[in-house]
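Read off the chains here:
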Amino acid sequence: MQLRSYQQEAIAALWEHWRAEPNSTPLIVCPTGAGKSLICAEIVRKILAAAPKMHILILSHRKEIIRQNADEIHNLLRIPVGVYSAGLGSKIIRQVTCANIQSVFKKPFPPQGLIIIDEAHMISESSDSMYRKFLDAQPQAKVVGLTATPYRMDRGSLVGDLFTGIAYDIPLRKLIEDGFLAPLISRPTGKPIDFSRVRKSGNDYNQEALQETMLPHTREHCESIVQNAADRNKILVFCSGIKHAKECAELLPNADYITGEMDPITRDRKIRDFKAGTTRILCNVDVLTTGFNVPSVDCVVLLRATQSVGLYVQIVGRGSRLAPGKDKGCLILDFGRNIQTHGPIDLIEVRHRKHEKDPQFSIPPVKACDHCGAVVSIRTVRCPGCGEDFPPASCKLEKAPETASILSEPEPAHTVKNTEYKIHTKEGKPPMLRIRYWTGTTAYYDMYLCFEHIGYAQQKAIQIWKKLGGNSPPATSGDAYYRAMRGEIGTPEQIRVKKRGKYHDITHFINLKKQEAKSWQEQNQLYI
């Protein structure tokens, strides 16, 4: 099977990360639906090609993910794969084994050369967790994590203690724009609920208190779902508790519900009915947040609030996969003000603990389509929900949090008038190539390429260098400077820029064109 370009980049970035930091435990971050199972299988293939006798273990917490990884590895390598999972009724250990962490963490396990942790965001920050105990018993193993969210489900960044850095991170918006993931749209959901008085348990809302807050609104919310999702075929609903899920399933047409307390046979049967289309709407309580792969889901409903950014991203990700007949993308109906709490799904950033209570995102002005009700950025010209063009001033601005858009507004394009290269130095740090794009007499945007750093910063520099048309990656910032000045890389006619806090990221280079080599006088104006 042919890997997509970003999957190939992820593998290359991991190898470069290990070359630079041999004892590191990096993360590969890819959004839900980006094909982490195939990335996992390719890692196994490359490792076995270099070390044919190495033992490899792929760990996860869900039997569905274990089965999927085992199938992907078998299909790619055509080798027998061991499966060690009580939920799958198998306890077979082979050179390559896919295992359930719940089944192995207390048992003596053969020494492994490489351990891949899929859905790494499930690792608790507790030093006494199942993953920690198992990894402590495998000190000789190299470890890499795969995740769609580089932050734990119980809050906090994954980078710090167990994982040392991010080897590769592909943005959600880029995969949507490149046609690898389904577009996400949102619509107004009515009167917002006040969650300020809902008590908390640990790092999230207490489930019983959250359910009590949501139950009085059940009928109103179900009516809104029926109205807003009338054109949707497969609807996944995340509820606040068991009673809430039961009531929603009774009020919604052709609906059913599942919970974690339900016996596995009944739960699996209901999931099969949903996948087959016998059931149109499936309500669940903390069951289908990870490892649930039904690409045809074209509407995700959040009938709950959460303080966990990881849970928010995972829930929305259930609708991001592509599928036949999913031309309208996936509709997100958020009744829990989660977009207001955490921000647009493509702008999520890890919060440091001391700032967790500070608001991180300002919701951009949006408008609602008169034809289908989709909530989009004020700059949107054509509705992604129904394809209708927005006439001037046809829709009122909406600033209420309940109409916040699930995706951030598109970045404006800036015309590049001049491009300038310099080497940027900072005491105690390796030099960097600074590229400055002048977009006006005094306006400019800077980009720093860190070829002499290690890890993710270096890989990012290499990716951008190639994107700009460069040949083999420069070994030093000085080499990059002279090659840029001689016209090896192109300069864009326009750039798109995304503001992140007090900094700006250049996200798109539009219409690259080759530039003439600079004069030798300009080439010798090296440092800033």
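A brief look at the structure comes next. Since the model is a prediction, treat every value here as computed from it, not as a measurement. (Residues numbered from 1 in each chain as written. Predicted model: local features only at pLDDT ≥ 70, side-chain atom pairs only at ≥ 80, totals over all residues. Heavy atoms only, no water.)

With respect to helix α9 (residues 242-251)
For α9, the complete set of buried residues consists of H244, A245, C248 and A249. With its buried residues spanning 130° around the axis, α9 presents them on a single face. Those residues of α9 that are buried lie in contact with α7 (207-214), α8 (218-228), β13 (255-259) and β14 (281-285). (Buried < 20%, exposed > 50% of the residue type's maximum accessible area, 1.4 Å probe, protein only. Helix = DSSP H or I, 4+ residues; strand = E, 2+ residues; numbered from the N terminus. Arc of directions from axis to C-beta. Contact = heavy atoms within 4.5 Å.)

Details of the packing of aromatic side chains
Evaluated as defined, the whole model comprises 10 aromatic pairs. Arranged with centres 5.9 Å apart and planes meeting at 80°, the rings of Y84 and F109 form a pair that is edge-to-face. Note that Y84 is positioned in strand β3 (residues 82-85) and F109 in the loop between α4 (101-104) and β6 (114-118), a separation of 25 residues in sequence. Across the pair, F109 and Y84 agree in class, each one buried. The buried category is assigned to F109, whose relative accessible area is 12%. Three or more aromatic residues joined by ring pairs make a cluster, and in this case those are Y84, F109 and F134. Above the plane of the ring of F274 lies K234, whose end atom (NZ or CZ) is 5.3 Å from the centre. (Phe/Tyr/Trp six-rings, centres within 6.5 Å; stacked < 30°, edge-to-face > 60°. Lys NZ or Arg CZ within 6 Å of the ring centre and 35° of its normal.)

Section: the packing of helix α2 (residues 36-50) against helix α3 (residues 63-77)
Closest axis-to-axis distance for the α2/α3 pair is 9 Å, and the angle between their directions is 50°. Classified by the angle between their axes, α2 and α3 sit oblique to one another. The hand of the α2/α3 crossing is right-handed. Counting all contacts with α2, which are made through S37, L38, C40, A41, E42, V44, R45 and L48, the residues of α3 involved are Q68, N69, E72, I73, L76 and L77. When its residues are assigned to classes, the contact of α2 with α3 shows eight nonpolar, three polar and three charged. (Axes fitted to C-alpha atoms, helices over the stretch in contact; angles between N-to-C directions. Parallel < 35°, antiparallel > 145°, perpendicular 65-115°, else oblique. Left-handed = near helix turned anticlockwise from the far one by under 90°. Nonpolar A, V, L, I, M, F, W, Y, C, P; charged D, E, K, R; others polar.)

Some thoughts on the sheet that holds strand β8 (residues 165-169)
Taken in spatial order, the eight strands line up as β4-β3-β5-β2-β6-β7-β1-β8 in an open sheet, and their pairing is mixed. Looking at which strands have only one partner, the edges of the open sheet turn out to be β4 (90-91) and β8. Here three bridges tie β3 to strand β5 (residues 96-100), and the two strands are oriented parallel to one another. Bridge assignment links Y84 to a residue of β5, and that residue is A99. Strands β1 (26-29), β6, β7 (142-147) and β8 of the sheet are contacted by helix α1 (residues 5-20), whose axis makes an angle of about 155° with β8. Contacts between α3 and the sheet are confined to β2 (56-60), β3, β5 and β6, with β5 contributing the most and set at about 170° to the helix. (Pairing = 2+ DSSP bridges.)

Let's talk about the sheet that holds strand β22 (residues 429-438)
On the basis of which strands lie adjacent, the open sheet formed by three strands has the order β21-β22-β23 and antiparallel pairing. Two strands close off the open sheet at either side, each with one partner strand: β21 (418-426) and β23 (444-449). When strand polarity is set aside, the average angle formed by the axes of neighbouring strands in this sheet is 25°. Note: β22 against β23, six bridges, orientation antiparallel. The residue bridging Y437 from the neighbouring strand is Y445, located in β23. Contacts from helix α14 (residues 477-485) reach β21, β22 and β23, with the element oriented near 170° to β21.

No statement about biological role is implied by the geometric values presented.
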